[in-house]
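# Reading the structure
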Amino acid sequence: MNKLLQARIAHFTAAKEAREKGIYPYFRPISSAQDTEVIIDGKRVLMFGSNSYLGLTNHPRIKEASQKAIEKYGTGCAGSRFLNGTLDIHIELENRIAAFTRKPAALIFSTGFQVNLGVMSSLTGRNDYLILDEYDHASIYDGTRLSFSRVIKYAHNDMNDLARRLSTLPEESIKIIAVDGIFSMEGDIAKLPEIVALAGQYGATIVVDDAHSLGVIGHKGAGTASHFNLDDKVDIITGTFSKSLASLGGFVASDADTIDYLKHQARSLIFSASMTPASAASVIAALDILETEPQHMEQLWNNTRYALSLLRGEGFDVGETESPIIPIYVRDNEKTFMVTSLLQQQGIFVNPVVSPAVPSQASLLRFSLMATHTFSQIEEAIEKLALTFRQVGVLKIKERIR
Ligand code: PMP
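Small disclaimer: the values here were computed from a predicted structure and weren't measured. Each chain carries its own residue numbering, running from 1 in the direction its sequence is written. Reporting in this predicted model follows two pLDDT cut-offs: at least 70 for local features of residues, and 80 or more for side-chain atom pairs to be given and counted; totals over whole chains, interfaces and linings ignore these cut-offs and use all residues. To obtain the side-chain values, all non-hydrogen atoms of the structure were included, while hydrogens and water were left out.

## Focus: the overall build of the chain
Put simply, the test is: Numbering of helices and strands starts at the N terminus; helices are DSSP runs of H or I of at least 4 residues and strands are runs of E of at least 2. Residue contacts are counted whenever heavy atoms from the two residues lie within 4.5 Å of one another. Residues scored as positive are Lys and Arg, those scored as negative are Asp and Glu, and His as well as the terminal groups of each chain are ignored. To locate a charge, take atom NZ for lysine, CZ for arginine, CG for aspartate or CD for glutamate.
In terms of helices and strands, the chain carries 15 helices and 13 strands. With respect to the three principal axes, the spread of C-alpha positions in the chain is 55 × 55 × 55 Å. Contacts in the chain between residues at least 24 apart in sequence constitute 70% of all its contacts with a sequence separation of at least 6. Both charge centroids of the chain, one from 40 positive and one from 45 negative side chains, sit 5 Å from each other.

Following this line, the structure appears as structure tokens:
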């Protein structure tokens, strides 16, 4: 290998250092279904790091639908949607997503990441503007890097900053404002009413990424636009099937012409194989459950409210969250790893979020709820979190309230 490249690779020491200290928290192999309890290293661990918000990944009806699809269609599509890889079940899923998001049309991709790559890279040209919240997901940012447009970043959920930046842009350019509906690490919701007003004032198009909002907010879990009653004001909705919808893949929903344009322009769709039949069938089954069984979403919110009241009562700093994604701020990279590893030893799984994903002083544990958690699982996790934070010297950040 080239020596400069070898040096560049050797220069990356963060993972090695964490392994040497015994606090490396990534790629933990799970040998069970993604449920509220998982098996790691032969031990039962309570899962508080999953995006399966409705707890449907192990649901018998969804598993059965996916097994039936394998029987009928086999295991893979061996090609792109564009050529040999379109199945009738893909079209059925697109129709279901269009109806669910209340848009005229939808297009499914193999992952949510690929959706944002395709959407953000193909709508605008050299003299146009892509305007992003600083905390938007990496896939939105990476998509803009594949475009030739100018990228403008505004401070997180700061509507004055967004207004100021929009006011400087030329009238005749295309402007797209892209936001996460629920922000993936902070758990707060995009200020859609204000964004809609500003987009109207400055002639901008709105893209909302509902990856974390589907199944969580809006009518029967239809997402952020529905949550704010602004369905007809959001031009483009993107999303993933890998969280509440218990599968793998993603979609974009919009008007028929925009979807037809993306079908022929989005390279991450055209040059990549389509969703497996099992994945598509499991999303359809998950949508059936969302539409007919509101109790999952209700339970998710009961759990969220309960966890938040316990965490706030213990004095944890949980930021501005408004969702089942709860950031528990540690504000130090190494302590975040240490707390994650100590909790894992006590049978609690949480995700560490450290720099460069967030600045070191904003490093946090991402604690996420599922509809299937019990109150006693939540109590056990928070009790262990409180003990561990005190042991590592973090839980003096706010006085215990109670
Ligand atoms: N958007 C957001 C906001 C996400 O959090 C994620 C996944 N973490 C994605 C898009 C990508 O989705 P997928 O997992 O389907 O690639």
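## Notes on the sheet that holds strand S12 (residues 351-353)
Note the following rule: Think of it this way: DSSP has to see at least two bridges between two strands before they count as a pair. Fitted lines through C-alpha atoms serve as axes, helices being fitted only where they are in contact, and the angles separating the N-to-C directions of these axes extend from 0 to 180 degrees.
Strand order in the open sheet formed by three strands is S10-S13-S12, and the pairing between neighbours is antiparallel. Unpaired on one side and paired on the other, strand S10 (325-329) and S12 mark the two borders of the sheet. Put simply, the sheet's adjacent strands are angled 35° from each other on average, direction ignored. Note: S10 against strand S13 (residues 364-368), five bridges, orientation antiparallel. Across the sheet, the residue bridging to Ile326 is Phe367, located in S13. Packed onto the sheet, helix H14 (residues 333-345) meets S12 and S13 and runs at close to 40° relative to S13. Sheet strands touched by helix H15 (residues 375-392): S10 and S13. Its angle to S13, the strand with the most contacts, is close to 170°.

## Description of the layout of surface pockets
What counts, and what does not: With a 1 Å grid laid over protein atoms only, a set of points is called a cavity when a 1.4 Å probe fits there but cannot get out and a pocket when it is open yet has protein on both sides within 12 Å along at least five of seven lines; lining residues have an atom within 4 Å of a point. Grid points are joined across faces, edges and corners, and a volume is the space filled by probe spheres set on the points. Under the scheme applied, nonpolar residues are Ala, Val, Leu, Ile, Met, Phe, Trp, Tyr, Cys and Pro; charged residues are Asp, Glu, Lys and Arg; polar residues are all the others, including Gly.
Approximately 740 Å³ is the volume found for the largest pocket. Around the largest pocket, the lining comprises 38 residues; the ones closest to its centre are Asn51, Met185, His212, Lys243 and Arg366. Contributions of two or more residues to the lining of the largest pocket are made by helix H5 (112-122), strand S8 (236-240) and S12. Looking at side-chain class alone, the lining of the largest pocket contains 15 nonpolar, 18 polar and five charged residues.

## Description of the packing of helix H7 (residues 159-166) against helix H8 (residues 192-202)
The packing of two helices is summarised by the inter-axis angle and the distance between the axes. We count it as follows: Angle categories: roughly parallel below 35 degrees, roughly antiparallel above 145, roughly perpendicular from 65 to 115, and oblique for all the rest.
Between H7 and H8, the shortest axis-to-axis distance is 11 Å and the interhelical angle comes to 10°. Between H7 and H8, the angle falls in the class roughly parallel. Where H7 abuts H8, its residues Met159, Leu162, Ala163 and Leu166 lie against Glu194, Ile195, Leu198 and Tyr202.

## Things to note about a negative patch on the surface
Heads up, the rule is: What makes a patch is a set of residues exposed beyond 30% relative accessible area and free of salt bridges, joined within 9 Å when like-charged and within 5 Å when nonpolar (Val, Leu, Ile, Met, Phe, Trp, Tyr). The accessible surface values rely on the Shrake-Rupley method and a 1.4 Å probe; as for residues, cover is taken only from the protein chains in view. Salt bridge criterion: a side-chain nitrogen from Lys or Arg within 4 Å of a carboxyl oxygen from Asp or Glu. Three labels apply to residues, based on accessible area from a 1.4 Å probe with only protein chains included: buried if under 20% of the type maximum, exposed if over 50%, partly exposed otherwise in between.
A contiguous patch of negative charge, built from Asp235, Asp255, Asp257 and Asp260, is present on the exposed surface. Along the chain, the position of Asp235 falls in the loop between helix H9 (224-227) and S8. Among the residues examined, Asp235 registers a relative accessible area of 32% and is labelled partly exposed.

## What to know about the site of the ligand
We count it as follows: The rule for a residue being near a molecule or strand is that one of its heavy atoms must lie within 4 Å of it. Counted as a polar contact is a pair of N or O atoms within 3.5 Å, where, for protein atoms, one must be capable of donating a hydrogen and the other of accepting one, and residues adjacent in sequence contribute only when both atoms are in side chains. Whether a molecule sits in a cavity or pocket is decided by its atoms, more than half of which must lie within 2 Å of the grid points.
Around the ligand lies a shell of 15 residues, among which Gly112, Phe113, Asp209, His212 and Thr240 are the nearest. Note that an oxygen atom of the ligand is positioned 2.9 Å from one of the backbone N or O atoms of Phe113. A distance of 2.6 Å is found between a nitrogen atom of the ligand and a side-chain nitrogen or oxygen belonging to Asp209. Look at the ligand: alone it shows 390 Å² of surface, and the protein chains cover 83% of it. In a pocket analysis with a 2 Å cut-off to the grid points, the ligand is assigned to the largest pocket. With three residues, the top contributor of residues to the shell around the ligand is H5. Residues belonging to the shell around the ligand are distributed by class as follows: two nonpolar, ten polar and three charged.

## Focus on the pattern of salt bridges
This structure, assessed with the given rule, holds 13 salt bridges. Note that Glu94 and Arg81 form a salt bridge whose closest N and O atoms lie 2.7 Å from each other. Of this pair, Glu94 sits in helix H4 (residues 88-101) while Arg81 sits in the loop between helix H3 (60-73) and H4, and the two are 13 residues apart along the sequence. The burial state of Glu94 is the same as that of Arg81; both residues are buried. Salt bridges linked by common partners bring Arg96, Asp288 and Glu291 together as one network.

## Some points on the environment of Val353
Looking at where Val353 falls in the secondary structure, it is placed in strand S12. Overall, the relative accessible area of 7% leaves Val353 in the buried class. Separated by twelve residues in sequence, Val353 and Leu365 have C-alpha atoms that sit 6.0 Å apart.

## Here we look at the packing of aromatic side chains
Rules: Geometry of aromatic contacts follows a simple scheme: Phe, Tyr and Trp rings, the Trp one being its six-membered ring, pair when their centres are within 6.5 Å, and the pair is stacked under 30 degrees between planes, edge-to-face over 60, tilted otherwise.
All told, the structure shown has six aromatic pairs when counted by the stated rule. Ring geometry for Phe48 and Phe367: centres 4.6 Å apart, planes at 10°, overall stacked. With Phe48 in the loop between strand S2 (43-47) and H3 and Phe367 in strand S13, the pair connects residues that are 319 residues apart, well separated along the chain. Of the two residues examined, Phe48 and Phe367, each falls in the buried class. Relative to Phe389, the ring of Phe316 lies with its centre 4.9 Å away and its plane at 75°, an arrangement referred to as edge-to-face. Note that Phe316 is positioned in the loop between helix H13 (295-314) and S10 and Phe389 in helix H15, a separation of 73 residues in sequence. Taking relative accessible area as the criterion, Phe389 reaches 0% and is therefore assigned buried. Ring-pair connections join several aromatic residues into one group, and the members of that group are Tyr24, Tyr26 and Phe337.

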